[in-house]
Amino acid sequence: MATTSLLSSSFLIVFLAIASITVTCYAQNEDRKVYIVYMGELPTESVYTPMSHHQTILQDVLEGSSVQDTLVHSYKRSFNGFSAKLTEKEVQKLSGMEGVVSVFPNRVYQLQTTRSWDFIGLPEKVKRMANVESNTIVGVIDSGIWPESESFSDEGFGPPPKKWKGVCEGGDDFPCNNKLIGARFHGDVGESARDTQGHGTHTSSTAAGSIVKGASFYDIAKGNARGAVPSARIAAYKVCGSDGCQSDAILAGFDDAIADGVDILSVSLGGTDPASFDTDPVAIGSFHAMKKGILTSHSAGNSGPEPQTVTSNAPWVLSVAASSTDRRVVNKIVLGNGKTLQGLGVNGFKLKGTKFPLLYGNNVSTTCETFSARSCETGCLDKDLVEGKIVICDSAKAVTEAFTSGAQGTILVSDPSFARFDVSSVYPLAASLINTTNGDIVKSYFKSARKPVATILPTESVKDSHAPVVVSFSSRGPNSISPDIVKPDVSAPGVDILAAFSPVANPSTVAGDTRSVKYNILSGTSMACPHATGAAAYVKTYHPDWSPSAIKSALMTTAFAMNNTKNSEGEFAYGSGQIDPVKALNPGLVYDAHADDYVRYLCGLGFDSSKVKLITSSTCPRGSTASDYSRNLNYPSFGAHVEAGETINLKFTRTVTNVAKTESTYKVKVTSDDRITVSVEPKVLTFDSPNEKKKFVVTVTGDGLGSDEMATASLVWSDEVHTVRSPIVVYSQSILYLG
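Residues numbered from 1 in each chain as written. Predicted model: local features only at pLDDT ≥ 70, side-chain atom pairs only at ≥ 80, totals over all residues. Heavy atoms only, no water.

Draft legend 1. Inspection of helix H12 (residues 436-448) at higher detail. Taking 1.5 Å as the rise per residue, H12 with 13 residues should run 18 Å; its terminal C-alpha atoms sit 18 Å apart, in good agreement. Three or more residues of H12 are buried, namely Asn438, Gly439, Val442, Lys443, Tyr445 and Phe446. Buried residues along H12 cover an arc of 160° about the axis, so they all sit on one side. Residues Thr437, Lys447 and Ser448 are exposed on H12 and point more than 90 degrees away from its buried face. You can read the cap of H12 off the contacts: a side-chain oxygen lies 3.3 Å from the backbone nitrogen of threonine 437, and it is on asparagine 435. (Helix = DSSP H or I, 4+ residues; strand = E, 2+ residues; numbered from the N terminus. Expected span 1.5 Å × (residues − 1). Buried < 20%, exposed > 50% of the residue type's maximum accessible area, 1.4 Å probe, protein only. Arc of directions from axis to C-beta. Polar contact = N/O pair within 3.5 Å; in protein donor to acceptor, adjacent residues only side chain to side chain.)

Draft legend 2. Just the pairing of strand S14 (residues 317-323), in detail. With 7 of 7 residues buried, S14 is to be regarded as a mostly interior element. Burial along S14 is two-sided: the face carrying Val317, Ser319, Ala321 and Ser323 and the face carrying Leu318, Val320 and Ala322 are both buried. Relative to S14, strand S13 (residues 295-299) runs parallel, the two being bridged by 4 bridges. From the neighbouring strand, threonine 296 faces S14, where its bridge partner is valine 317. In this structure, S14 lies alongside strand S23 (residues 490-493), joined through 4 bridges in parallel fashion. Bridging from a neighbouring strand, serine 323 pairs with proline 493 of S23. (Pairing = 2+ DSSP bridges.)

Draft legend 3. Here's a closer look at the packing of aromatic side chains. Evaluation of the coordinates by the stated rule reveals 13 aromatic pairs. Considering the side-chain rings of phenylalanine 696 and tryptophan 717, the 5.1 Å spacing of their centres and the 70° angle between planes classify their relative orientation as edge-to-face. Linking phenylalanine 696 in strand S32 (residues 693-702) with tryptophan 717 in strand S33 (residues 710-718), this pair joins segments that are 21 residues apart in sequence. Note on accessibility: phenylalanine 696 and tryptophan 717 belong to one class, buried. Aromatic rings pair up to connect Phe277, Phe287, Trp316, Tyr598 and Tyr601 into one cluster. When the ring centre of tryptophan 146 is taken as reference, the NZ or CZ atom of arginine 194 above it lies at 4.5 Å. The ring of phenylalanine 638 has arginine 654 lying over it, and the distance from NZ or CZ to the ring centre is 4.3 Å. (Phe/Tyr/Trp six-rings, centres within 6.5 Å; stacked < 30°, edge-to-face > 60°. Lys NZ or Arg CZ within 6 Å of the ring centre and 35° of its normal.)

Draft legend 4. Looking closely at unusual backbone geometry. That bond from glycine 304 to proline 305 is cis: its omega, 5°, falls within 30 degrees of zero. Structurally, proline 305 can be placed in the loop between S13 and S14. Glycine 477 connects to proline 478 through a cis peptide bond whose omega is 5°. Note that proline 478 resides in the loop between strand S22 (460-463) and S23. Non-glycine residue aspartate 496 carries a positive phi angle of around 55°. Residue aspartate 496 is classed as buried on the basis of its relative accessible area, which comes to 2%. The phi angle at asparagine 691 is positive, at roughly 70°, despite the residue not being glycine. Positionally, asparagine 691 belongs in the loop between strand S31 (684-687) and S32. With relative accessibility at 57%, the residue asparagine 691 sits in the exposed group.

These figures come from the coordinates and say nothing about function on their own.
Here it is, written out as structure tokens:
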């Protein structure tokens, strides 16, 4: 498959093939520019060595420079040629040489976005409500923010919206501006709202960062970094320090953000286990935000793929799972015998030289037993033996030991049960994670070669045709706090996301990594959450009067339906599907709900008035505890936990509101698996005016499910213009914790 990478406009490249374009960025030389020398197909004779031939050609034409200093890349697998830094005179010499098809400079391609927004259908030039977007305030409750980042530049911005009631209290030497209009810090996080971890800067720029051209992490994933609503304002609330995020600080952040007048809240934090709503600071804070018309977008958690790990369970928040985009970042290992293996890792290092001595952990340890040495456990590697070499380690966690021991690079070999092979990590040295199958190839070469050598190439971007797929770390349902509410709600890009970063933060989190970067590549539901935040803010710019539940409904019912063959947990992995911000602008119908509806829901869930008061000042309506309000909350998805083996006979009551501007008639269509039967009454809904409401009842029947089974269906209302889709999930898994 042809692949295309982008270069800075300051470089020229020598293009080597029509079938494939491989481009790498290098520092500019004042006297030379990068050209590509295309030499056609590879010769078929076995004695031909492309690299040697290319070096010989260069040696014949170079004036005053060495081959080592000028050769950029040798193309030798699918076609013949090389790229090099050349003067115009050298180019003229090469152009007339036998065997050279052409020599030409780099073409500058249009820089792409950092990819995730384009992938979900929100391109940079999408139609916008510019004035409304500029008056939209995105609040981010996180680890603070780095105010000097280009992503928070206020060039072209006017003064903050008049509705803004916040302040800039970020501490000494913390500047706000007309983009970053407010900052506060809470709890034991130091005396500043400055982000020293990078997390809050990353999430803030993902949601609402200004457009920054040519952003990258060491030339990896280069493109235009931006948020969904780049003209929106940002208010940062630092509640997380190096030791985590305290509940009191989280609540203080919510408290201030609501009072300051933010429009949308982004919260990429959570506990390791689900918590009852009356002890969950995010559930409590977001409920109050909802009452003030503020939707909270919340990360689902990073404890997947085990079931019942989702920690964002409140129905008034938008719970976001992490899914992949069509761009993966990978790197390659090249062995001395020419074998190339693809691995995972965000490797910003360009190793000087071609090959390095290759060693195995147990060959460079003088203190540990064989198993520990092969795994490169802490303290096992001998620095004198490892320094400057590439070491093979039988553990995905060995990167710290390899780094601190002075290795030039490391090949991390792991079984998929002990490592995640659907996400790339940032490493503090040249490193690549491979599975045991490829690991056996590396070890076989190591054992057979008299002097084994290898190199690890810089990371490159490749096309992922399987996307979107929910990543393994993303927490899964069922919802152990409220089993009849399907969580997560939606999925959004959360894998290999490039966004702004704090220059004082450690980009790899490995102790001793002293690099300073302005942009970093991170993965997590923390990265998915601000994508949903930005999408919600984008919808709100077109519909400023919509309630939080209406915005949430629009994102859920217009979501891209994901493939359950790629996600075996189905809706418990991705909810209603991957968000589509542009479609969400015009959903046709919404499932609206307000504070009183959520109070009844809590009462139906079993909360008495005293517990409900812990979340809101309301009390339970008389007699409501005997009802099934929790199942009949006006939610955009339908869920029911049933006992295994029992006959299924369920009823769901829902009300939809027409948010289109025209009269319309919607017909229902249901598809389901053969274990349940779904019927809807009425089957046709006719709306004569905007904001008109219609009620319908869904009945689900069946003979019963076996132990730990899940039956699903899809309910779609359509007027041939709008498609309003809701998943139906009936399941019998045992719930481990009911709050």
